[in-house]
Structure formats: structure tokens, C-alpha cells
Amino acid sequence: MKKVVSFSGGRTSAYLCKVMIDTFGRENVDFIYMDTGAEHPKTYEFIRKVNNEFNLNLTCLRTDFSSPLGAGNGFKVVDVNSIDTDLKSFSEMTYKYGVPYIGGMFCTDRMKLVPFTKYCQETYGRGNFETWLGIRADEPARVFGSKLYKSLKETIGLDDEDLIKMYSTNHIDREAFFVMEECSEVKLFNEVCRRKTSGIRYMAEISEFEKEDVLNFWSEMPFDLDIPEWLGNCLFCPKKSDLKLAAAQRDEPELYHDFLNMIYSDSVRHDNKTGHWSQMYRGKKSLEQVVAMFDGSTGDEIKARIRGTKVTNTGSCSESCEVFVCESNQQDLFK
């Protein structure tokens, strides 16, 4: 069974690469990065440095959007030294599908899940690989998905430490679920078992590191991901808070205008089946409308508000976007 790390480009995911090598041996682990072309330039610098530092022999994938609509997409293997904030893959996606938007965030699926899954199935064969994600021991809500996490805590009464321990061991205590033999508890048990056998594994299973531990690790390394958390993920992702988007615009005005030019392009698909740039963001706002909400505020004032609202805490949209986790957290609990 090949162990495959889905490397997101964030600090925790990068630390997972080292842990996997230390735990299982370099020859037993492969590393894959799925590129959108919309990350911060320093993210790409960090990816290359991690690749060299840990000798990952990183496979970089971009989705091939050249097939006709309805025929599915393929993937392209690209050189790690060629990936950059060129918006190329993102632009190709919008030409075919339109822009992603709140309520229709298909971008993670099209640009990350599809190329990763197809590459792994072609390379290792169906059922012959495990997918490892950089989810820490202090992120049980990301391990289980927000709805399942809430139900487990409220129905069973387990705390965060119990939940991570339950997930990281090979045995699930049935009695913890069936104290009252209620149907809801049976569904919870079945959902946890389904997730444990899905082929998706987490750093929390092999490392007790929490967010502060990861930050300390990188502070002692000769390099780090040298960006604040609001610049992580695709720079102007609709899933980011309004504050983070405004802060990103203040920090990177040129990249902001590049992104606007891309989504305003005549090449972007617009019809009654697609989203539109004018309603991509929360409250059906355009990116310019979101940024305009903070007219009169300096970048420092916006960043102080970000820190005050704690939207960079564990579980928030921070420095990396994990494929599979983003998808599972949007699903209904018992589907």
C-alpha cells in the first residue's frame, strides 16, 4: 500500500512530509502537489525549498481542461521549478466552467481532487494507495468534518482529545456510541467507520504536534513560509473572510488587479449555469465591493481586526487548503 502525501504548500503539510519520511522511510512515501496557479509567490518558493530540504522528488500536477465540457478532465505533470502565480490553470478552469462562488466552490474538486485521484489511480491502481493530509491533533473538526464533529460532541459527549484518540487507533468503542441504542448514534458510528476506511489518513495519527509546535519547528529551520495567514491558499479565494480579502488587497495590489483582470476577461464562461464575478463572494458581492467595504481603513487596521476576531486560529481558513477535507466538510452528515 503506497502512502501518498497530498502536500498543500502550508507549514503543517510541509512538516507532515518530514514526519512521513521519519516514520515510514523515504522509499515508502510519495509526495504530490496540485497547483492552481493562484497561490502567493512565496508559497511557491516555500514548496521548492521543502522539496529540496527533504528530498521529496515532488510530483506537481495541474488539471488539463482541454477536453470538451462533460467529458471530464485529465492532468498534466509539471516541473516544480515552473509553478508560479501565473493564474493559468485558474483561467483555464473559468473558461470551461465559469468562476467559483460562494455556494458553488467547485475549484478544489476540479483543480485538486480530480488530478490527484486520477494520477494516483493510474500510477498505483485503485485501492493501492493511502492519502495522507496535514491535519493536526488540535483539529478534530477537520478530521471528522464540522457536522459530524458537532454531533459526536453533543450526542456522545466526547472531548477533542477523545475524538483524536478514537480516530488514530484501530479500534472504535461501540459501547460509547450505543449507550441508549438510539438511531442517531448508530448513524454516527457508521459515519466514523466509513471515514476510517476511506483511505484518507491524517498527521494526527502519527504526530501529537499542534499548531504552536509546527510554528516552533519552522522557526528553527533555515527557511519558512514567509507570508501571513491571510495570504495563504489562493490569494482571493471566495471562502476567505471579507477581512482577509481586504488585507490581501492591501498587501498585494498588483496581484489583486491581475486577479480582477482574469475574472473580468471575455474568455470567462457566463451563462445561466455558471457563477458570475459580480456575485462571487459572501453576500453575493464582487471582489471590488468586498474591498470597498474597508475604504478608509489602513492595512494595519484591517490586520488588527483579523487578529482580534481570531480568524487565524486553528480550524479557520489559514495557510493551506486541504483537498478532501474541504469537500467532506461541505457534505451533509449522513449522506
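Above this note sits the structure.
Summary of the structure given here.

Here is what the cut-offs are and how they apply
- Residues numbered from 1 in each chain as written.
- Predicted model: local features only at pLDDT ≥ 70, side-chain atom pairs only at ≥ 80, totals over all residues.
- Heavy atoms only, no water.
- Salt bridge = Lys/Arg side-chain N within 4 Å of Asp/Glu carboxyl O.
- Helix = DSSP H or I, 4+ residues; strand = E, 2+ residues; numbered from the N terminus.
- Phe/Tyr/Trp six-rings, centres within 6.5 Å; stacked < 30°, edge-to-face > 60°.
- Lys NZ or Arg CZ within 6 Å of the ring centre and 35° of its normal.
- Buried < 20%, exposed > 50% of the residue type's maximum accessible area, 1.4 Å probe, protein only.
- Arc of directions from axis to C-beta.
- Core = buried A, V, L, I, M, F, W, Y, C linked by side-chain atoms within 4.5 Å.
- Contact = heavy atoms within 4.5 Å.

### Here's the deal with the pattern of salt bridges
- Under the definition given, this model contains 17 salt bridges.
- We note a salt bridge from Lys76 to Glu92, for which the minimum N-O separation is 3.9 Å. Linking Lys76 in strand β4 (residues 74-78) with Glu92 in helix α3 (residues 88-97), this pair joins segments that are 16 residues apart in sequence.
- Note that Arg201 is salt-bridged to Glu130, the shortest N-O span being 2.9 Å. Linking Arg201 in strand β6 (residues 200-202) with Glu130 in strand β5 (residues 129-133), this pair joins segments that are 71 residues apart in sequence.

### Structural notes on the packing of aromatic side chains
- In this structure the tally under the stated criterion is 17 aromatic pairs.
- Following the ring pairs from residue to residue traces out a cluster consisting of Tyr15, Phe46, Phe54, Phe209, Phe217, Trp218 and Phe223.
- Stacked on the ring of Phe24, the Lys or Arg Lys3 has its end atom at 4.5 Å from the ring centre.
- In this arrangement the basic side chain of Arg110 is found over the ring face of Tyr97, its NZ or CZ atom lying 4.2 Å from the centre.

### As for α3
- Within the span of α3, buried status applies to Ser89, Phe90, Met93, Thr94, Lys96 and Tyr97. When α3 is viewed along its axis, its buried side chains cluster within an angular range of 165° and face the same direction.
- Within two residues after α3, Gly98 carries a phi angle of roughly 85°, on the positive side.

### Points about unusual backbone geometry
- Positive phi, normally seen in glycine, also occurs at Asn55, with a value near 55°.
- Assignment of secondary structure puts Asn55 in the loop between α2 (41-53) and β3 (59-64).
- Of note in this structure, Asn233 is not a glycine but carries a positive phi near 65°.
- In this structure, Asn233 sits in the loop between α10 (211-219) and α11 (242-251).

### As for the nonpolar core
- Counting residues in each nonpolar core, the largest one holds 68 residues, and the members touching the most others are Val50, Leu58, Trp218, Phe236, Phe259 and Leu287.
- The greatest single-element share of this core, amounting to seven residues, is contributed by helix α1 (residues 11-24).
- Each residue touching Phe259, except ones within four places of it in the same chain, is listed here: Leu87, Phe90, Phe236, Met280, Tyr281 and Leu287.
- Core analysis: the second largest hydrophobic core is formed by 14 residues, Leu133, Phe144, Leu158 and Tyr202 among them.

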